[in-house]
Each structure stands twice: as structure tokens, then as C-alpha cells.
Amino acid sequence: MNIELRQLRYFVAVAEERHFGRAAARLHMTQPPLSQTIQSLEAALGTPLFERTKRSVSLTPAGAALLPEARRILQQAAALPDLARRAASGESGLLSLSFVSTADYSVLPPLLREFRERYPQVQIDLREATTDVQLEDLMQGRIDAGLLIPPLHDKARAELDYMTVLSEPLVLAAPQGLKGLRGKNSVALKSVAEMPLIIFPRRIAPAFHDAIVGCFRDAGLTPRIGQEAIQMQTIVGLVSAGMGIALVPQSVSNLQRPGVEYRALSDRTALFETGLAWRRDNASPVLHTFLELLRKKR
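Here we summarise the structure given alongside this text. (Residues numbered from 1 in each chain as written. Predicted model: local features only at pLDDT ≥ 70, side-chain atom pairs only at ≥ 80, totals over all residues. Heavy atoms only, no water.)

### Focus on the packing of aromatic side chains
- Scanning all chains against the criterion turns up six aromatic pairs.
- Between Phe11 and Phe50, the ring centres sit 5.5 Å apart and the planes meet at 50 degrees, which makes this aromatic pair tilted. Here Phe11, found in helix α1 (residues 5–17), pairs with Phe50, found in strand β1 (residues 50–52); they are 39 residues apart in sequence, far enough to count as distant.
- Of the aromatic side chains, those joined through ring pairs into one cluster are Phe11, Phe20 and Phe50. (Phe/Tyr/Trp six-rings, centres within 6.5 Å; stacked < 30°, edge-to-face > 60°. Helix = DSSP H or I, 4+ residues; strand = E, 2+ residues; numbered from the N terminus.)

So, in C-alpha cells, the structure goes:
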């Protein structure tokens, strides 16, 4: 069966006018080709659509059933050019985005809020994942972009582009009431060095792990690692339980958990960086719209 949009448009005009002559005038055509087109549509469907008399035209049950569907199809067809334009310009479509847990307390919420306000017709598929998982997913083409912790390994650098999104200092997360914290806005690591350290495993985030250990080394200290965890909320939860201290990005202090206090460090600390990585050969218009927004915010 080969039904044309033209046939449906003619059918709707006759159904609404209930008169072939008026429908032909509305369509800026003569009546004979209009009648022939309707007859062709009826033949294709295998059933009459109109009851015809010399004075009136009325819909058959089949015609009445077809009318709302024909209108819907014509409306959808009319929307196709705008749909294609929005997809080509990145105003609609799908963006698959992964993020490390630390981004959930800093750049991710305001970034998503602004992007959704500007492009409400873009569907965003969010996945929380560690940096190593994100890099594998990016290189396999399973996601469009990832908010992760640099650096990228050599193979990833050969295939991916990278943009710094945020740099922030590390702060101390300590159990509430810990000796040496009361009344102080900042503390030295040596004042809490006897506490076990809760830290990301090095295999998951080597740069982050090394930056934290380096803070202790620069202060002339050797950390006593008590627990490892791959989720920031888990690390803060363990601090809340009195299991030890942690050095976390400053934005994690937005995660208020009973039993946890955050303090700035008087020691020199490295900056913690969060960045966005994406495949260099990814031509997705939605991805490039997202990148454009990020670049404007830098």
C-alpha cells in the first residue's frame, strides 16, 4: 500500500468541507483531479471513505475513523523540517554523559540546569562512573562525554579531547569534635596526622590519590591509610562514622553529613581538577552544543 501525504491532505479537506467543490477551491485546484485522488485513496484502503449524494458528502465509519489519524500524520509531517533543523543544530537529540562522584557536588548540577533551560528538547542520559570506566566507555563510543579526573593515559590522549572545567583546593573532612579543630578556620595536617586516612584507591584515580599522599609528604608526614572507597559519599560517610579523616575537593563541603566537619588546610595543597573528555571524532551536534556552553562558561 502506497498512501501519499497529498492524498491525506485532500481527504481532510473534503471531510472538513463536506463538499468536493468547496474542498477543491480551498486546495486551489479543480474538482475532477480531487475526486480522482480520493477515489485512488479509497481503492488503496479497500473501503469507501465518503457517502456521496448529489447534494451532500458525509463520512463513512471508515472515513470517520481515518480523519483524526490523517490529521495527526499531517501535523507530524509538517513538523519534520523543524525537527530536522533542531537535530542538526544540536537543539534536540540525546547526550550521554558520565561523571565522577565529586562532580555531583560542584560543576554537574549548575551545568545540567543551564543546559536543560537552554535546550529542553535534549534528552540527557546520566551515568555515574569512575574515571577509568569513563575512559573505556569513551574509547568504545558508549558515551558522548565524561566529567572525570585527569590525567588521561596515552591511549586515551590519542583518541580523546579534554577541557578543564574546574580547579579547586583540597580541604580536610574530619569527625566532628576532633581535637584541634574547635575554633579554627584552618588546620595543619600535622595536627590530625595520627588519624587513619580514608582515600580513593590509586588504581581508580591515580592522580587524585597521589595528590593527597603528596600533601602529607610535603608536610613531612607519612599518611596511615585506614580505608579505601571509590565513592565520595562513602568516604564522607566513613569520616562521619569516626573511621578517619579525608582530604576532599572543596566543593564536597556542600555534602553536609552529621558528624563531619570541614576545614581549610594551612599546608600547601595541590589543586584538584575536574575536566570533560570526549571522542575527537564524535560529530554529534548535541555534544558540540554542550561543549559550546562549557567554553562560554570558562
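Read on, since the account is not over.
### So, the pairing of strand β11 (residues 260–265)
- Within β11, five of the six residues are buried, leaving the element largely enclosed by the surrounding structure.
- Note: strand β6 (residues 160–175) against β11, four bridges, orientation antiparallel. Its bridge partner being in β11, Ala173 is matched across the sheet by Tyr262. (Buried < 20%, exposed > 50% of the residue type's maximum accessible area, 1.4 Å probe, protein only. Pairing = 2+ DSSP bridges.)

### Considering the pattern of salt bridges
- Here the structure, examined in full by the defined rule, presents 18 salt bridges.
- We note a salt bridge from Glu17 to Arg26, for which the minimum N-O separation is 3.2 Å.
- The class of Arg26 is partly exposed, set by a relative accessible area of 37%.
- A salt bridge links Arg279 to Asp281; the shortest N-O distance between them is 2.9 Å.
- For Arg279, a relative accessible area of 17% corresponds to the buried category.
- Asp281 sits in the exposed class, given a relative accessible area of 55%.
- A network of salt bridges, in which partner residues are shared, links Glu16, Glu17, Arg22, Arg26 and Arg71. (Salt bridge = Lys/Arg side-chain N within 4 Å of Asp/Glu carboxyl O.)

### Some thoughts on the pairing of strand β4 (residues 122–128)
- Where strand β3 (residues 93–99) lies against β4, seven bridges are found, and the strand directions are parallel. Bridge pairing in β4 places Phe99 opposite Glu128.
- Crossover β3 to β4 through helix α5 (residues 108–118) is right-handed. (Right-handed = clockwise from strand over helix to strand, strands pointing away.)

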